[in-house]
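# Structure at a glance
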Amino acid sequence: MPQRVLIAGTSPLLAGRLAARCLAAGDRAADTEVVLLSVVRSRPGAPAPGRRELAAFVTEHGSGPDGPDALGAGRLTVVCVEPDGVDAELKAWTAEQVWCVVPGWDRSRARGARADAALAGSLLAALPGLGARRYVQVGQDPVPADDRARRSCRDLERPAVEACLDSGVSWRMLRTAPVVDARAPALGECPPGAHRLLWALDSVRAEVADRVPDWFERQPLRVAGVAGLGLPLLTADRAAGELWRAGAPGDLSDGFASVPRPAPVPLTDVLARAGAVHGIDVRPVPDRADFNAVDRLLDLRLTDVRRQAVRLGGTAPGGPSGAAEAARSGGPARGTSRSEPDGTDTAATATGSARAPLPPPAGGTAPSQDAPSLSPAGQWELFGAVRAHRASPDAARGTGGLRQRVVDVAGRPLVLFEGGTGEGPPLLVLNALGQGPGFLTRLCAHLVPHHRVVTWQVRGTEREDPPWGTRHQLDDIDAVLEAVGAERAHLLGWCTGAKIATAFQQHRPGAVASLVFLNATFRQNDRWDGMDTKYESDLAAVCRALDRRPEKAAWMLDLLAPGTAGGSGSPGARDAGVLGVLSRALTDEVRRPFRDAEVLVRYARQLVDLWRLDSAAQAPRVAVPTLFVCSEFDGISSPARAREAARCFPHARYAELAVAGHYAPHDRPALVAELITEFVRAPREVADLVRYAEITWHIETEGTAR
C-alpha cells in the first residue's frame, strides 16, 4: 500500500514546495501519495490560487531525477477549500503523515493568526480519524525583538504537542523565516520581509506613475530608519528542503527545529537593487524631516519590513544550536527541553525525557549558523522575476468586469452595471451625483470576484432627465433592488452617495444589511460649519447662486471642475504633492458635471437639494454596522466633517487612509476593496482584521472616538 501524506497549509507557496519535495523524495517517492489541502480565503489584492494552478506549481517543482514524468499519474491530489470547510473535507481522507503549514505570513497579523489557529485546530482534532502516525507543524520563526510573533508561535505549538501526546502520534515542531520566491505573487502571496519591500516599491511606483509617468526619472525616493539593518533572503526552495529533511523521516524522535537563516543582506543594498529593478533611485537619508508625500507613503509601507529586519554586526538570527536557539526562538534547542514562561518544562513533562538531537541534512554535516546568502546577481534575478510575475491589480479595463443592462424605472431608462456571484446580499454601489461609472471601475474589478456587485448611472444631470431630487434617488434604489431580485443589500456610498445611502436606510431599514461610506461628504446646511474644504466652500457658493440665477452657468464652468485628487487635505496636513495630482484615467470623468451650462445647473440643484437633508438627525437611528473610509489628503470632501458625522452613527467604524486623496477607491482599489470585504464579513472585527500602517482607525468601538 502506498503511503499517503496530507499537507495542509495557509501558505500555498510553502505547502506546494513541500508537496513537491515529498513527491520527489528519493527511492520511496513512487510509493507516496500526496494530498495538498490549500486553506486560503481569497481576498482583494491577494487572490487564492486554484486547484489547477497549484497542481502545475507542484508538478513544476517536484520532478525527480527522471524529470516531471516521475511524478506519475494520480499521485498528487490538490484540494482548495475555504477555512470553514476544512472539517468536512478532512472526513474524506486518511493519511499516515500530516503536515500543518502555518507560517503566519498573512499581511494582517490578527487575520493570519486566526486562520493558522483554525487550521491547526482542525487537523489536530482530526488526527484519530485520519489514522495519522506522524504530525509535523511548520510555523513562523520570529526575529528576536518580535515578542508578539513569538507568543503566537508558542500558542500554536503548545496545543499541538499536547494533542499529539494524547493521540499517541509522533511529532515535530518546525519553524522557518519568511521566504522569497519568484512565483509568490502568482500564488497570491506576499510573505513578510523582502516580498513586502518589493510590493511597497511597486505599489508606490504604480500610484505615482498613474499621475506623472516620468516622475521617478527626475525625483529620488528617500527612505529612513534602515541604516544598520539587514534582511535574511531565504529562498522557498531552500526552506522547503531544510523543512523536509527535518520532518519527513518517519523514524525521527519528537522535537523542535528551525531552518537556518542566511546571513542578512544590508537593507540599504536590498532597497538599492530592488529600486533599480523598478526604475527608482532609492536614497537612504538620516531622518524623515524633509519627506514629501511619496516618501511618507513608502515609509509607511516599509513598516512591516523594518519589523522583520535584524541588526547588522551583531548576532544574526540564523539557525544556531544549543542555548542560543532557545533564547532566540522561545523553543528548545536541538537536544534540549523547553521551559515555558511559567516555569513548566514542556518537553520534559510531555515526554518524560529530553529531546534527542535532530538529524543533519543530506551529506551528514550539521548546518552552519548562517546559511549562504543570496548573491547580488541572484538578488537582481529574483527581484526582476518577482516583478515580472506580479500581475498589476489596477489593470481593470472597461467597466471593471460588470455587465450592462437597461431597466425601465418611472417610465425612463436606468442603466445598470452588475457582475459577480458572491453569496449573501449584493453590494449596491451608489455613485456620486453627476458622476459616471469610471471613478469606481477599478474598485468594482476588485470586488466582483468576491461579491455580487451592482451599480448604476445616477440620474438627474443629463439633458433629457427631468428634475431628480433625493427622493427620486431613493426610488431608483428601490427599483434596483427589485431588478436584481434582492430583498436586502449592503449599500456603498461614494462621496454624495453616502447621504443618499443613509436616507435609504431610514426609508427601508429592513432592506439594508450594512453601510459603507467612501470619501463621504456629509455637508449639511447649518451643521458642522467651518469644516468645509476650500473646494466645498467654493462649490456651495456657486451652486446656491446657480440655483437662483441659472443664466450665470456659462461663465462659471471653469471655476468648479476639481483639478486635483487630494488638495491640501485635513487642516495642518502636509501638501500631497504629486499624490494630489489627478490620475490621468479620471481626467474626463472629473469634468463630467461641468461639461456644459445646462448640466452644471442640474448638478448644482441636485447638490442644493441634498444639502437640505438632515443626515445628522437620521444617523442615530441607523441600526446597522457602518464603515467610513476617508483620506488624509481629501481636498474635496472634508475628512474632519466625516469624522464628526461618524460619531452620530451608533455602530460606526472610521478608517482614514494616510497620504491618500478623494479618489482613493480608484487610486488604492485593492486596499479599499479589502476593507469593504472584511467589513461585510465581520463588521465588529474589521479594525483588527485590516490594521496596516497606512490606516488610522479613529473610531474602533461603536460610536466612541478613540
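This section reports on the structure supplied with the text. Quantities reported herein were computed from a predicted structural model and do not represent experimental measurements.

## Digging into the overall build of the protein chain
Within the protein chain, the secondary structure is distributed over 26 helices and 24 strands. A burial count over the protein chain gives 58% of its 706 residues as buried. Once local pairs closer than 6 in sequence are excluded, the contacts in the protein chain between residues at least 24 apart make up 80%.

## Focus on the packing of helix α18 (residues 534–548) against helix α21 (residues 597–611)
The N-to-C vectors of α18 and α21 enclose an angle of 110°; their axes lie 8 Å apart at closest approach. The angle between α18 and α21 falls in the class roughly perpendicular. Along its contact with α18, which presents Leu 539, Ala 540, Cys 543, Arg 544, Leu 546 and Asp 547, the element α21 presents Leu 600, Ala 604, Arg 605, Leu 607, Val 608 and Trp 611. Classifying every residue of the contact of α18 with α21 gives 9 nonpolar, no polar and 3 charged.

## A closer look at the packing of helix α16 (residues 470–483) against helix α17 (residues 497–507)
Relative to each other, α16 and α17 sit at 70°, their axes nearing to 10 Å. Compared by their axis directions, α16 and α17 come out roughly perpendicular. Crossing hand, α16 versus α17: right-handed. The residues of α17 that touch α16, namely those facing Arg 471, Gln 473, Leu 474, Ile 477, Asp 478 and Leu 481, are Ile 500, Ala 503, Phe 504 and His 507.

## Let's talk about the packing of aromatic side chains
Scanning the entire structure with this criterion turns up 13 aromatic pairs. Aromatic pair Trp 99 and Trp 244: ring centres 5.2 Å apart, planes at 20°, arrangement stacked. Residue Trp 99 is located in strand β4 (residues 97–101), and its partner Trp 244 is located in helix α8 (residues 236–247); the two are separated by 145 residues in the primary sequence. Using a relative accessible area of 0% as the deciding quantity, one classes Trp 99 as buried. Between Phe 439 and Trp 494 the ring centres are 5.1 Å apart and the planes differ by 35°, which places this aromatic pair in the tilted class. Residue Phe 439 is found in the loop between β17 (427–430) and α15 (441–447), and its partner Trp 494 is found in strand β19 (residues 489–494); the two are separated by 55 residues along the sequence. Summarising the burial analysis for this pair, Phe 439 and Trp 494 share the class buried. Through pairs of rings, three or more aromatic residues link up here, namely Phe 517, Phe 522, Phe 628, Phe 649 and Tyr 654. Taking NZ or CZ as reference, Arg 523 lies 4.8 Å from the ring centre of Trp 611, over its face. In this arrangement the basic side chain of Arg 527 is found over the ring face of Trp 528, its NZ or CZ atom lying 4.8 Å from the centre.

## What to know about the sheet that holds strand β12 (residues 265–266)
Pairing is antiparallel in the open sheet, where 3 strands are placed in the order β12-β9-β14. Every other strand in the sheet has two partners, leaving β12 and β14 (310–311) as the edge strands with one partner each. Pairing of strand β9 (residues 229–231) with β14 involves 2 bridges; the strand directions are antiparallel. When the bridges of β14 are listed, Gly 230 appears paired with Val 310.

## Quick notes on the environment of Trp 456
Locating Trp 456 in the fold gives a position in strand β18 (residues 453–456). Sequence separation between Trp 456 and Val 480 is 24 residues, and the spatial gap between their C-alpha atoms is 8.4 Å. With residues near it in sequence (within four places) discarded, Trp 456 still touches Leu 414, Val 415, Leu 416, Phe 417, Leu 428, Val 429, Leu 430, Asp 476, Ile 477 and Val 480.

## Topic: the pairing of strand β20 (residues 512–518)
Summarising burial for β20: 7 of the 7 residues are buried, a large majority. Here β19 runs beside β20; their pairing, made up of 6 bridges, is parallel. The partner of Leu 491 across the bridge, within β20, is Leu 515. On the question of chirality, the crossover connecting β19 to the parallel β20 by way of α17 is right-handed. The pairing of β20 with strand β21 (residues 626–631) spans 4 bridges and is classified as parallel. The partner of Leu 515 across the bridge, within β21, is Thr 626.

## Quick word on the sheet that holds strand β5 (residues 134–140)
Pairing in this open sheet of 7 strands is parallel, and the strands run β3-β2-β1-β4-β5-β6-β11 from one edge to the other. Bordering the open sheet on either side are β3 (76–81) and β11 (255–258), each of which pairs with just one other strand. Shown here is a sheet whose adjacent strand axes are inclined to one another by a mean of 15°, direction ignored. Here 7 bridges tie β5 to strand β6 (residues 170–176), and the two strands are oriented parallel to one another. The residue of β6 that forms the bridge with Tyr 135 is Trp 171. Packed on one face of the sheet, helix α4 (residues 109–130) meets β1 (3–9), β2 (32–39), β4 and β5 and runs near 175° to β4. Sheet strands touched by helix α5 (residues 147–167): β5, β6 and β11. Its angle to β6, the strand with the most contacts, is close to 165°.

Definitions and limits used
Residues numbered from 1 in each chain as written. Predicted model: local features only at pLDDT ≥ 70, side-chain atom pairs only at ≥ 80, totals over all residues. Heavy atoms only, no water. Helix = DSSP H or I, 4+ residues; strand = E, 2+ residues; numbered from the N terminus. Buried < 20%, exposed > 50% of the residue type's maximum accessible area, 1.4 Å probe, protein only. Contact = heavy atoms within 4.5 Å. Axes fitted to C-alpha atoms, helices over the stretch in contact; angles between N-to-C directions. Parallel < 35°, antiparallel > 145°, perpendicular 65-115°, else oblique. Nonpolar A, V, L, I, M, F, W, Y, C, P; charged D, E, K, R; others polar. Left-handed = near helix turned anticlockwise from the far one by under 90°. Phe/Tyr/Trp six-rings, centres within 6.5 Å; stacked < 30°, edge-to-face > 60°. Lys NZ or Arg CZ within 6 Å of the ring centre and 35° of its normal. Pairing = 2+ DSSP bridges. Right-handed = clockwise from strand over helix to strand, strands pointing away.

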